[in-house]
Structures are given as C-alpha cells and as structure tokens.
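Read off the chains here:
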Amino acid sequence: MTTQTASARYRRILVKLSGEALLGREDYGIDPVILKRIAGEIRDLGQMGVQVAVVIGGGNIFRGAGLARSGMDRVTGDHMGMLATVINALAMQDALESLGVYARVMSAIRINEVCEDYIRRRAVRHLEKGRVVIFAAGTGNPFFTTDTAASLRAIEIDADVLLKATKVNGVYDSDPMQNPNARRYACLTYDQVLADRLNVMDATAIVMCRENDLPLRIFNLFEPGDLVRIVQGEDVGTVVCARIRGENDAG
C-alpha cells in the first residue's frame, strides 16, 4: 500500500468522466490521445499516494435517454448505455496498465468474462492496495444516470470528494460558450444547485451528495494538470458543499 504524501489533500477520491470526454477530437468512440493523457494524470495521483476510483459514462457510444427519445424502449436503451460504459472502462483500464498502473474494472451488471462484479468490500480492498478501480455499468438499473452512480459509489467507498470532469472550468450562471460575461461560481450549496436548476449533475445525484455531506467539485478535464492541482488543494473549478465557505467570485 502506497503512503500518502503531504502534497495530497485527499486520501481517496472518485473521478466522474463523461463518455463524451473520451471523444477528444473524434466524432465517435474514443480518442487514444485524450485517453492516455487522463490515464497519465490518474497515474500521477497514485504516485502521490491518493486512492483513485473512476466512473465513466457511455455517451460517446450510446446514451439510453437519447435512444428512448428516438422511439426505443427506455429500459433497452439504458441497458445498451450500461454496456457502452463497460467498453469505456476497459479502454481506461488498458490505458492505465500501459503506464504500469494496476487497475480493476468492476461492473454493476454481470459480465464476468471481461471484468469483476461490483462488490463494495472488494472495491475498497483494491483501493487500499493502490489499484485504480473503474466502476462500470452505472448503478446496474435503468432510469439512473452515471452521475447518480458516481455519487452512490463515492459514498459507498467513503471517498473524500467527488470530482466531476466537464468541458468548462466550473459552474456558471449562464452558458459560457454563448455568453462571454457568464459568471463562474467559486462555491455553491447543494440547495442552490437544486433550487436554481444549475446544470451540474442530475437532481438525484445532488441529493445523495447533500444527504451524505459528500463535497463535489466540477472542473475542466481539458485543462492539463487541473486534476492534480485539485488534489494538491488548489482552488480549481467550482465546489458544491453544505455551506459556502467564501463569497462567490467570478472566475
């Protein structure tokens, strides 16, 4: 088991990656360049002594809700989405292992030929041994997003923080892609996110974080090094927690 260094603020984290994050410059599927860069940052965290778990979405391949809007049965679409997350998780495992990092994929649905079943105690044991654990197939149930799966798994493994990777460096009061004067929040409460319907995570995921006092930080995956900077304690992105610790300043 690796000893945590003084430079790491957290003992154990869960990183939520969207499937779209793996697209990189590609129109569909997985960009090997972005995959390797993310794997490299996760390796760096492990070398700092941080225990890392990952939840990956499947939107770069299939999205159940989108398929349902096109007329497919929602349960069938969600099951296809779960399988897409397994594909992404296996790709991440391969990228990590190519860098010499031990990694395990644990699936919420049984698919024993390619990965382990999710068992909480086993997952924690993997983390304690310094292995990266990649949780696949969401919660294993239709109608639940991978955001909710990330909140659930983070709570189950007693993570110190849930880090959600997005395309922007935090939460804004309007779309920063459309409004150059959009204001970035440095800190929000769970209740603010719910009341203002801010596009952070789905409501179920936010409520789970609130009820279990799990801090959530939203950051830009495409800023190299931000993940490591967060773990080192730098104020990156937007933090969502029970109480605002300081004034919301624009970024």
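Residues numbered from 1 in each chain as written. Predicted model: local features only at pLDDT ≥ 70, side-chain atom pairs only at ≥ 80, totals over all residues. Heavy atoms only, no water.

Caption draft 1: Examining the overall build of the protein chain more closely. Each helix and strand counted, the protein chain has eight helices and 11 strands in total. Against the compact-globule benchmark of 18 Å for 251 residues, the protein chain has a radius of gyration of 17 Å, which places it among compact chains. The buried share among the 251 residues of the protein chain stands at 51%. Look at the contacts in the protein chain between residues 6 or more apart in sequence, and 71% of them connect residues 24 or more apart. For the protein chain, the distance from the average site of its 30 positive side-chain charges to the average site of its 31 negative ones is 4 Å. (Helix = DSSP H or I, 4+ residues; strand = E, 2+ residues; numbered from the N terminus. Rg over C-alpha atoms; globule rule 2.2 N^0.38 Å. Buried < 20%, exposed > 50% of the residue type's maximum accessible area, 1.4 Å probe, protein only. Contact = heavy atoms within 4.5 Å. Lys, Arg positive; Asp, Glu negative; His and termini not counted. Charge placed at Lys NZ, Arg CZ, Asp CG, Glu CD.)

Caption draft 2: Focus on the sheet that holds strand β9 (residues 187-189). Pairing is mixed across the open sheet formed by nine strands, whose spatial order is β4-β3-β5-β2-β1-β6-β10-β11-β9. Each edge of the open sheet carries a strand with a single partner, namely β4 (116-117) and β9. Here strand β3 (residues 103-107) pairs with β4 via two bridges, running parallel. Residue pairing in the sheet places M106 in a bridge with E116 of β4. Contacts between helix α1 (residues 32-47) and the sheet are confined to β1 (12-17), β2 (51-56) and β5 (132-136), with β2 contributing the most and set at about 155 degrees to the helix. (Pairing = 2+ DSSP bridges. Axes fitted to C-alpha atoms, helices over the stretch in contact; angles between N-to-C directions.)

Caption draft 3: Up close: the nonpolar core. Counting 43 residues, the largest nonpolar core has I13, M92 and I134 as the members making the most contacts within it. When residues of this core are assigned to their parent elements, the largest contribution, seven residues, is made by helix α3 (residues 74-98). Non-local contacts of I134, meaning those with residues more than four positions away in its chain, are made with V54, I56, A89, M92, Q93, L96, A103, R104, V105 and M106. (Core = buried A, V, L, I, M, F, W, Y, C linked by side-chain atoms within 4.5 Å.)

Caption draft 4: Just helix α4 (residues 120-128), in detail. Among all positions in α4, only A123, V124, H126 and L127 are buried. Viewed along the axis of α4, the buried residues span an arc of 155 degrees, placing them on a single side of the element. Those residues of α4 that are buried are in contact with β1, β2, β3, β4 and β5. One or two positions beyond α4, positive phi appears at G130, with a value near 85 degrees. (Arc of directions from axis to C-beta.)

Caption draft 5: Region of interest: the pattern of salt bridges. Applying the stated criterion to the full structure yields 15 salt bridges. Two residues, D78 and R74, come together in a salt bridge whose shortest N-O distance is 3.0 Å. Separated by four residues within a single helix, D78 and R74 lie in helix α3, roughly one turn from each other. For D78, a relative accessible area of 9% corresponds to the buried category. Through salt bridges with shared partners, one network takes in R11, D158 and D160. (Salt bridge = Lys/Arg side-chain N within 4 Å of Asp/Glu carboxyl O.)

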